[in-house]
Amino acid sequence: MSEVNSAGDGPGAAPDQGKNEPADRGAGAGPTPAEGGDADGRGTGARLGGWTRFVTARPRLSLLVALLLTALAVVAGSGVADRLGSGGWEDPTAESTYATKALEREFPASQPNLLLLLHAGGSSVDDPAVAAEAKRVTARLAAEPGVTGVGSYWQSGSPALKSRDGHEALIAARITGDETAAADTLDRLAPSYRGRSGPVEVEIGGPVAVRHEMQTTIREDLTRAELIALPVTLLLLVMVFGSAIAALLPLGVGIFAILGTNAVLRGLTEVTDVSVFAMNLTTALGLGLAIDYALFIVRRFREELATGAAPRAAVGTTLRTAGRTVLFSSLTVAVSLAAMLLFPQYFLRSFAYAGIAVVLLAAGAALILLPAALVLLGHRVNALDLRRLFRRGAPRAAEGGAAWGRTASLVMRRAPLFVVATTAGLIVLGLPFLGVKFGTADDRQLPSTAESHVVQQHIRDGFPGSPGGGLEVLAEGPATATQYAEYGKRIAALPEVQRVDGPLVKGDAAYFTVLPEGEAVDEGAQRLVGELRATHAPFATAVTGTAAVLVDSKDAIGDRLPWAAGFIAIVTLLLVFLLTGSVLIPVQAVLLNALSLTAMFGAVVWVFQDGHLSGLLDFTSSGSIETTLPVLMFCVAFGLSMDYGVFLLSRIKEEYDHTGDHQEAVRFGLQRTGGLITAAAVILAVVMVAIGTSRVANTKMLGLGIALAVLMDAMVVRSLLVPAVMRLTGRATWWAPGPLRRFHDRFGLSEAEAPVAAPAPATEPAGEPEPDRDPVEAR
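Keep in mind the model is a prediction, meaning the values are calculated, not measured.

1. Observations regarding the overall build of the chain
- Regarding its fold elements, the chain presents 26 helices and eleven strands.
- Residues counted as buried form 57% of the 779 residues belonging to the chain.
- When contacts within the chain are restricted to residue pairs at least 6 apart in sequence, long-range pairs at least 24 apart make up 82% of them.
- Split by element, the accessible area of the chain, about 29,700 Å² in all, is 62% carbon and sulfur.

Right, dumping it as structure tokens:
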């Protein structure tokens, strides 16, 4: 991290330069008074652009407006967590969704979402005293407002509602209304039903209890994660910047982005469903990206101050250089997150809403509010250097940057070895993903001590036929009893079927309950869904149930995944081309970014599906990965990887525009951004690990998986693979056909303000390396 400190140990500190290292040509573009500018940077030699003039003209007013907007966001976003849903994994246009809604309307008892588990202790559930109390509880529950379809073992005598040992049995019911109304009803009912009731002990479970407990747990865990992440992040920022004043700036940007996004999500809940899981992404990206962008801008500002530029001129140069890179970076992250809008599940769409909002707000704050603060602070941005309390003597600022330069030189001297070794290593780490099994989110997302998890585990372990895990077949249209009976025989003859119950008829509608032979969502149950849908019937049928929802969700994701991947790839290729003017670099960026995610996907399967480290990380493995999670993690991690890629490529491009020396540009770019990218990745990883301390398994997977992805990207791909690949491609890396080159000259942007030497066109083939030399020594 020391390289990030290089320009900020004091107003007069020089940029980190080894004795063989040239000064940063991109720095110092803002003139000093000696070069003909005014003391405030507004002379003819330091004419600020329109945007810079707008941002810096009224800095106090800008910060006051930001403070007022933040206060409004606090008010507008209050209570947002209570309005967020905990579902959203199903396709709203799927057959299973249609059938579920029809059954809820016509046969509410077929879709119970509330289960009361009654323990009779050492007695049998058929004991007269136990049965009498159970019937009383059943009748009382049936009389509650907002509850329908109440049934129990003591009413129906169904063996599926009685445990194998005879000491436990179930009361099933449906709480009506949407997720918010159902949660309110559960809050009202639970205290008066939970606990000892005569000779029985009552515990509460079922899907509505699982969702409610998950929502509450996530809200509590998010508060704890923020309490962990904020002080640790502040400490790391102090270590990176040295100055306590500079360290507080990224946190301010992050808090503005988080509070603003909460207000946006609160508004969206008025018109659409939003997942409670999106709040985790809001916190993680709000802090992570705000820190990334603020690190980049504050560092460049301090470099400009170190060259003697006045604060206003330093801000102008920073916005025209690092500001452009931040703009490109935010667009690439937003594009990756926007791809989730192509999927129908509101779980994924919610992350797009939250992610796009927080990215744009973080970038806006970094490009508007942060420059205003820097104008007002000036050289005081370097004040309160707390590192002096922990060190002796003067810091050796150049060492970090020089170390990254030496790393780049070593990698480029052995480029083929590093390309083969890192690529092979990343592929090996990703191999466990070949054995991925997709499933649905259930109670096992919660801690093993959570009441709804305990209830569902009792049902899985002790009840026959997995109650609630069967498939329902909705039959619509006029039919005779004979036709229903014949259809029931046909589906009972299917190889995966254990038992068929029904039909239960109401007018021209009926439904059958089909229990599969194995687990509720295993491969056999999923095959059974297709077999049921293919079975001929003299009436319209629709299949729902846990396995049917999973099949439909997988189909929806599979249908849209190529479109989402194509959208991300095409827009990313275009943005990176506009940044670099190269045809090859965008292709390299997309491929290397995708390669950097292999370790994350391999770890997700090895840890969370196969259950390795489940004891250490304190979660229960369900033996599968929820279908939408890999899509979410890819979009988020790919966007963050591009974030770091843009930081590195922009500095390489700037140096190449000035010198035309490809190998030196790669070395110089890594030297100037290696510490910055690593520091940003470590800080973001800390935030994600704080999110990963959640007691909900999916949130734990999201946080820890993305933390691993950003660290692998920064420390392996950006530090080793990118310079090695660019060394092999040589100056052909920068080639573009004439029409595209002219297009870039007109519309492209880069961190460099203006090249001082136009490099000669690349003529050597892509595969021919340049002469093997150490650019540091050559200098």
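Having seen the structure, we can now continue with the description.
2. Some words on the side chain of Thr 627
- Along the polypeptide, Thr 627 turns up in the loop between strand S11 (625–626) and helix H22 (629–659).
- What makes Thr 627 buried here is its relative accessible area of 5%.
- The residues contacting Thr 627, other than those within four sequence positions of it, are Phe 438, Gly 439, Leu 550, Ser 553, Lys 554 and Ile 557.

3. Some remarks on the packing of aromatic side chains
- Inspection of every chain in the model, using the stated rule, returns 16 aromatic pairs.
- Taken together, a centroid distance of 5.6 Å and an interplanar angle of 75 degrees make the contact between Tyr 153 and Trp 154 edge-to-face.
- Residue Tyr 153 is classed as buried on the basis of its relative accessible area of 11%.
- Classification of Trp 154 as buried rests on a relative accessible area of 11%.
- A network of ring pairs unites the aromatic residues Trp 89, Phe 277, Phe 347 and Phe 351 as a single cluster.
- Positioned above the aromatic ring of Tyr 193 is the side chain of Arg 140, whose terminal nitrogen or guanidinium carbon lies 4.2 Å from the ring centre.

4. Focus: the environment of Ala 510
- Summarising the element assignment, Ala 510 is placed in strand S9 (residues 509–516).
- Using a relative accessible area of 0% as the deciding quantity, one classes Ala 510 as buried.
- Separated by 36 residues in the primary sequence, Ala 510 and Leu 474 have C-alpha atoms spaced 6.1 Å apart.
- With sequence-adjacent residues up to four places away left out, Ala 510 is seen in contact with Phe 107, Val 473, Leu 474, Ala 475, Tyr 484, Pro 503, Leu 504 and Val 505.

Definitions and cut-offs
Residues numbered from 1 in each chain as written. Predicted model: local features only at pLDDT ≥ 70, side-chain atom pairs only at ≥ 80, totals over all residues. Heavy atoms only, no water. Helix = DSSP H or I, 4+ residues; strand = E, 2+ residues; numbered from the N terminus. Buried < 20%, exposed > 50% of the residue type's maximum accessible area, 1.4 Å probe, protein only. Contact = heavy atoms within 4.5 Å. Areas by Shrake-Rupley, 256 points an atom, 1.4 Å probe, with all protein chains shown as cover. Phe/Tyr/Trp six-rings, centres within 6.5 Å; stacked < 30°, edge-to-face > 60°. Lys NZ or Arg CZ within 6 Å of the ring centre and 35° of its normal.

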